[in-house]
Amino acid sequence: MSLLELPVSQPGPRAPRAAQSPPWRLIDRVGLAVAWLLGLLFCALAGALVLYFLVQGIKYVRPSLFLTNPSPGFTATATGGFLDPMLGTMLVSAIAMAIALPIGIGVAVWLSEYGRPAALARVAESTIEMIAGTPSIVLALFGILLFESPALGFLSRSSEGVVFGRSFFAAGAMLSLVALPLVVSNVREGLEAIPDHVREASYALGKTKFATTRRVLLPAARPSVLTGAMLGAGRVIGDTAIIVVLLGATLTFDRSGSVPLLSTLRGTGSTLTYYVFYNAPTGEGNQPTKAYAAAFVLLMIVLALNVGVDIATRRSRRLRWSS
Amino acid sequence: MEFLTPPPVRRLTGEESVTEPLGPTRGLPAPPGNGNGNGNGNGSAPASPLVGGRRRIASTPLAIDRMQAEALSVAYGRKPAVDSVSLPIRQGEVLALIGPSGCGKTTLLRSLNRLTELNKDVSQSGRITLDEVDIATLDPTALRRRVTMVFQQPNPFPMSVFDNVAYVLREQAARRPKRAALRGAVRDALARAGLLDELGDDLDHPALRLSGGQQQRLCIARALAADPEVLLLDEPCSALDPQSTQVIEDLIVRLREDVAVVIVTHNLQQAYRVADYVAFMYLGRLVEYGTAGQLFRTAREQRTREYVRGEFG
Ligand SMILES: Nc1ncnc2c1ncn2[C@@H]1O[C@H](COP(=O)(O)OP(=O)(O)OP(=O)(O)O)[C@@H](O)[C@H]1O
Ligand SMILES: [Mg+2]
């Protein structure tokens with residue numbers, strides 16, 4: 001606080017008018033150099049990571065990997081590919097986003113357009129921040145407690161009254177919490193970036209708040225919605241802890257029941273992240289070439305999502321109001 | 001209480017005579033020459049310091065009272081913005097609100113379709129009626145469809161031209177009408193605002209890519225699509241070039257037969273060109289209200305004369 005009490009005025013002679021751009025102080029120049037170096041280092045690191053996995057991955061990626069399922073074995077040929085884990089990644093992120101998107105958009109609309117009751121809005125805000133900061137392994141543990149309860153037994157396998165609590169439903173539901181904060185913050189940002197005169201224009205035409213939000217504000221914030229969805233999906237696809245704990249960690253789909261899709265959703269399986277974890281040199285499977293190939297596919301998906309985010313934000317910047 | 005309340009207005013039944021102030025108000029004698037006939041200064045008026053002719057083609061056919069502000073006061077928090085203003089708004093005539101910046105013109109306009117309510121710390125007293133019904137008793141969304149508003153800054157929605165206008169028409173019905181069903185109404189509204197010929201068939205053009213003048217005319221088309229009974233225009237031409245301004249002024253004069261038009265403007269020539277009646281406001285108060293010819297030539301109040309002569313604000 002003592003800093004704030006310092007006099008604001010800056011004593012000392014001012015630089016002469018002629019020196020339009022005086023030479024930088026040494027400390028500034030050193031600072032700039034350090035910032036540059038750090039930036040370059042960071043780019044080099046990121047580049048090296050991507051390149052390494054590109055090279056390693058491309059070496060080992062085979063079309064057959066996408067078409068065959070993992071199977072027990074000790075050689076690269078015997079252990080098969082990662083068809084089911086790949087489908088598992090898609091399935092579990094579809095479930096997670098199907099939950100996170102509507103809830104996230106709803107919460108964002110409520111926080112930015114209504115914000116009432118104010119106390120409740122503040123609570124919701126800090127809850128979402130808390131979820132964002134919670135390690136996913138903690139969410140996974142909480143999920144196991146939740147989905148092992150008999151009331152939610154219909155969402156997973158159960159035998160003789162004991163609920164297994166692990167299924168695509170369970171993993172997807174907990175993963176939606178991983179995506180939710182990103183969806184909420186992006187949609188909210190998008191809505192708050194819309195100037196108030198747009199809302200007023202809609203009200204002045206006799207539109208309700210609901211119609212305004214649904215027909216004007218959300219369409220206008222679509223790039224932000226897309227960004228939130230893609231960033232959230234990226235986090236979901238990359239998560240491992242919840243998958244290990246809540247998806248049952250069976251390398252192939254292990255269905256529960258006989259209804260086609262429902263049996264898969266209630267059953268267990270795995271995702272690409274778990275496949276990498278399993279086949280890493282330290283994992284049970286220990287097929288590093290497979291791990292590299294799967295990691296490459298994961299990286300490609302995440303890169304594609306990033307490009308998508310980039311395009312979405314660029315589109316949103318192109319069409320803006322003049323004031 | 002130095003300002004004049006507007007003269008009481010008699011509902012008209014005659015064909016050609018417009019409104020007639022009913023003699024003195026608040027002890028002030030009505031100036032001679034005020035209220036004879038429609039007093040629109042059509043043609044016979046002496047040369048005025050204001051350049052440009054009136055856009056009036058024929059005299060106003062018939063004016064009917066649509067809205068009435070009665071001792072309306074609006075305040076933002078403790079700060080009054082409009083101070084007991086009484087004013088009639090008639091269909092068949094254009095009313096111009098003039099006055100220096102910050103005198104409450106926008107606030108008055110916004111209270112006419114209850115947009116002031118959106119601001120939490122606005123307090124209001126007095127009464128506004130629409131067809132003799134207190135607007136406070138109406139559903140605000142229904143009221144705002146009958147009394148639409150165009151703002152100073154063009155504010156089209158970030159969607160296509162077509163959707164901007166169609167948005168107004170949609171959801172008024174129980175079921176969302178199909179695009180083809182709205183086509184006629186959308187083109188009609190755009191045509192009324194003088195935008196259809198310019199855009200041709202490219203109604204899918206993004207509205208935010210139009211020029212400022214086109215955007216403003218789109219906003220007017222949008223306001224007209226609701227088929228309003230009263231149209232409120234808040235400095236609609238302040239961001240426009242002379243040509244777009246002329247298009248809009250022509251439109252305003254054409255519209256007054258079907259719609260009661262209120263226009264706020266800083267451009268006195270514009271007020272003179274398009275308005276039948278002019279209200280001069282100063283510091284939230286209505287200083288003077290009268291026909292355009294009377295207010296611009298033989299204003300009763302010193303302040304009005306000074307403002308009109310450009311010696312004001
Ligand atoms: N949202 C607001 N909150 C608080 N005070 C406001 C608000 N809007 C307007 N005012 C105040 O109310 C008074 C009238 O404002 P208003 O916008 O109605 O003036 P105006 O006649 O339209 O001015 P201009 O010609 O510049 O548009 C001003 O003194 C202004 O400071
Ligand atoms: Mg204004």
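About the cut-offs
Every chain begins its residue count from 1, and numbering advances along the sequence as written. Each chain gets a letter, beginning with A, and each ligand a number, beginning with 1, in the order they are written. Per-residue local features of the predicted model are confined to residues with pLDDT of at least 70, and side-chain atom pairs are confined, for both listing and counting, to 80 or more; whole-chain, interface and lining totals are unaffected and use all residues. As a convention, hydrogens and water are excluded, and side-chain values are obtained from all of the structure's heavy atoms. Exposed residues in this analysis have more than 50% of their type's maximum accessible area, buried residues have under 20%, and partly exposed residues fall in between, with area computed by a 1.4 Å probe over protein chains only. Numbering of helices and strands runs from the N terminus, with a helix taken as a DSSP run of H or I at least four residues long and a strand as a DSSP run of E at least two residues long. Residues count as neighbours in contact if any of their non-hydrogen atoms are within 4.5 Å of one another. Note on geometry: axes are lines fitted to C-alpha atoms, helical ones only across the stretch in contact, with angles between N-to-C directions running from 0 to 180 degrees. Oblique is the label for any angle not covered by the other classes, which are roughly parallel (under 35 degrees), roughly antiparallel (over 145) and roughly perpendicular (65 to 115). It is the rotation of the near helix from the far one that decides the hand of a crossing: anticlockwise by less than a right angle makes it left-handed, clockwise makes it right-handed. Put simply, Ala, Val, Leu, Ile, Met, Phe, Trp, Tyr, Cys and Pro go in the nonpolar bin, Asp, Glu, Lys and Arg in the charged bin, and everything else, Gly too, in the polar bin. Being paired, for any two strands, means DSSP has found at least two bridges between them. Here, a salt bridge means any Lys or Arg side-chain nitrogen found within 4 Å of an Asp or Glu carboxyl oxygen. Put simply, buried area is how much 1.4 Å-probe accessible surface two parts lose in total, over both of them, once they are put together. Residues adjacent in sequence count toward polar contacts only when both atoms are side-chain atoms; beyond that, a polar contact is any pair of N or O atoms within 3.5 Å, and within protein one must be able to donate a hydrogen and the other to accept it. Near residues are defined by distance, with any heavy atom within 4 Å of the molecule or strand qualifying the residue.

K.L.:
Before we move on, could you go through helix H3 (residues 161–169) of chain B and cite the residues and values that matter?
P.N.:
In terms of residue burial, H3(B) counts as a mostly covered element, since 8 of its 9 residues are buried. The elements touched by buried residues of H3(B) are helix H7 (196–203) and helix H8 (209–220) of chain A together with helix H4 (179–192), helix H5 (196–199) and helix H6 (212–225) of chain B.

K.L.:
Got a sec to walk through the packing of helix H3 (residues 83–114) of chain A against helix H9 (residues 222–238) of chain A? Specific residues and values, please.
P.N.:
Residues and elements named next belong to chain A. Here H3 crosses H9 at 140°, and the two axes come no closer than 10 Å. When the axis of H3 is compared with that of H9, the two are oblique. Handedness of the H3/H9 crossing: right-handed. Residues Thr 89, Ser 93, Ala 96, Met 97, Leu 101 and Ile 105 of H3 pack against Val 225, Ala 229, Gly 232, Ala 233, Val 236 and Ile 237 of H9. Tallied by class, residues from the contact of H3 with H9 come to 9 nonpolar, 3 polar and no charged.

K.L.:
Please give an account of the environment of A:Leu141 that cites residues and values.
P.N.:
As for its position among the elements, A:Leu141 is in helix H5 (residues 136–147). Along the sequence, A:Leu141 and A:Ile242 sit 101 residues apart, while their C-alpha atoms lie 8.1 Å from each other.

K.L.:
Lay out the pairing of strand E10 (residues 285–291) of chain B with the relevant residues and their values.
P.N.:
Residue and element names in this part refer to chain B. Most of E10 sits inside the fold, with 6 of its 7 residues counted as buried. By the bridge criterion, 6 bridges tie strand E9 (residues 277–282) to E10 in an arrangement that is antiparallel. Within E10, the residue paired with Tyr 282 across the bridge is Arg 285. Between E9 and E10, which pair antiparallel one after the other, the connecting turn spans 2 residues, and Leu 283 there sits at a positive phi close to 50°.

K.L.:
Account for the pattern of salt bridges, naming residues and giving values.
P.N.:
All names here are of chain B. The tally for this structure, following the rule as stated, stands at 22 salt bridges over all chains. For the salt bridge of Arg 146 with Glu 229, the shortest nitrogen-to-oxygen distance reads 2.9 Å. Linking Arg 146 in helix H2 (residues 140–146) with Glu 229 in the loop between H6 and strand E7 (230–234), this pair joins segments that are 83 residues apart in sequence. Assessed through its relative accessible area of 26%, Arg 146 is described here as partly exposed. For Arg 300, the salt bridge goes to Glu 288, with nearest N and O atoms at 3.4 Å. Pair noted here: Arg 300 is in the loop between helix H9 (292–297) and helix H10 (302–308) and Glu 288 is in strand E10, with a separation of 12 residues, a long-range link. Overall, the relative accessible area of 0% leaves Glu 288 in the buried class.

K.L.:
Pulling in residues and values, what's your account of the sheet that holds strand E5 (residues 133–134) of chain B?
P.N.:
All names here are of chain B. Spatial strand order, E2-E1-E4-E5: 4 strands in an open sheet with antiparallel pairing. The open sheet is flanked by strand E2 (79–91) and E5, the only strands paired with a single partner. Relative to E2, strand E1 (residues 64–76) runs antiparallel, the two sharing 9 bridges. Within E2, the position partnered with Ile 64 by the bridge is Gln 91.

K.L.:
Quick one: what's the story with the interface of chain A and chain B, residue by residue and with numbers?
P.N.:
Taken together, the contacts link 21 residues of chain A with 28 residues of chain B. By the criterion of area lost to chain B, the three top residues of chain A are A:Leu205, A:Lys207 and A:Arg215, representing 30% of everything that side buries. Between B:Arg110 and A:Glu200 there is a salt bridge whose closest N-O contact spans 2.9 Å. Counting the contacts that link chain A with chain B gives 7 residue pairs in polar contact (both at pLDDT 80 or more). Contributions of two or more residues to the side of chain A that touches chain B are made by H7 and H8 of chain A. Looking at the side of chain A that touches chain B element by element, the count peaks at 6 residues for H7(A). Residues that form the side of chain A that touches chain B fall into these classes: 10 nonpolar, 6 polar and 5 charged.

K.L.:
Give me the site of ligand 1: which residues, what numbers.
P.N.:
Residue and element names in this part refer to chain B. Near ligand 1 lie 13 residues; those nearest to it are Lys 79, Ser 101, Thr 106, Thr 107 and His 266. Take Lys 79: an N or O atom from its side chain is 2.6 Å from an oxygen atom of ligand 1. Between Cys 103 and ligand 1, the recorded distance is 3.2 Å, taken from a backbone N or O atom to an oxygen atom. Elements that contribute at least two residues to the shell around ligand 1 include exactly E2 and helix H1 (105–112). The element best represented in the shell around ligand 1 is H1, accounting for 3 residues. Residues belonging to the shell around ligand 1 are distributed by class as follows: 3 nonpolar, 7 polar and 3 charged.

K.L.:
Please provide a residue-by-residue account of the packing of H3(B) against H6(B), values included.
P.N.:
Residue and element names in this part refer to chain B. Two numbers describe how H3 lies on H6: the axes approach to 8 Å, and their chain directions differ by 25°. When the axes of H3 and H6 are compared, the pair comes out roughly parallel. Relative to H6, the crossing made by H3 is right-handed. Residues Val 161, Asn 164, Val 165, Val 168 and Leu 169 of H3 form the contact with H6, whose own contacting residues are Leu 218, Arg 222 and Ala 225. Taken together, the residues that form the contact of H3 with H6 break down as 6 nonpolar, 1 polar and 1 charged.

K.L.:
How would you sum up the sheet that holds E10(B)? Please name residues and give values.
P.N.:
Residues and elements named next belong to chain B. Pairing is mixed across the open sheet formed by 6 strands, whose spatial order is E6-E7-E8-E3-E9-E10. The sheet terminates laterally at strand E6 (147–150) and E10, the two strands that pair on one side only. Shown here is a sheet whose adjacent strand axes are inclined to one another by a mean of 15°, direction ignored. As paired elements, E7 and strand E8 (residues 260–264) share 5 bridges and run parallel to each other.

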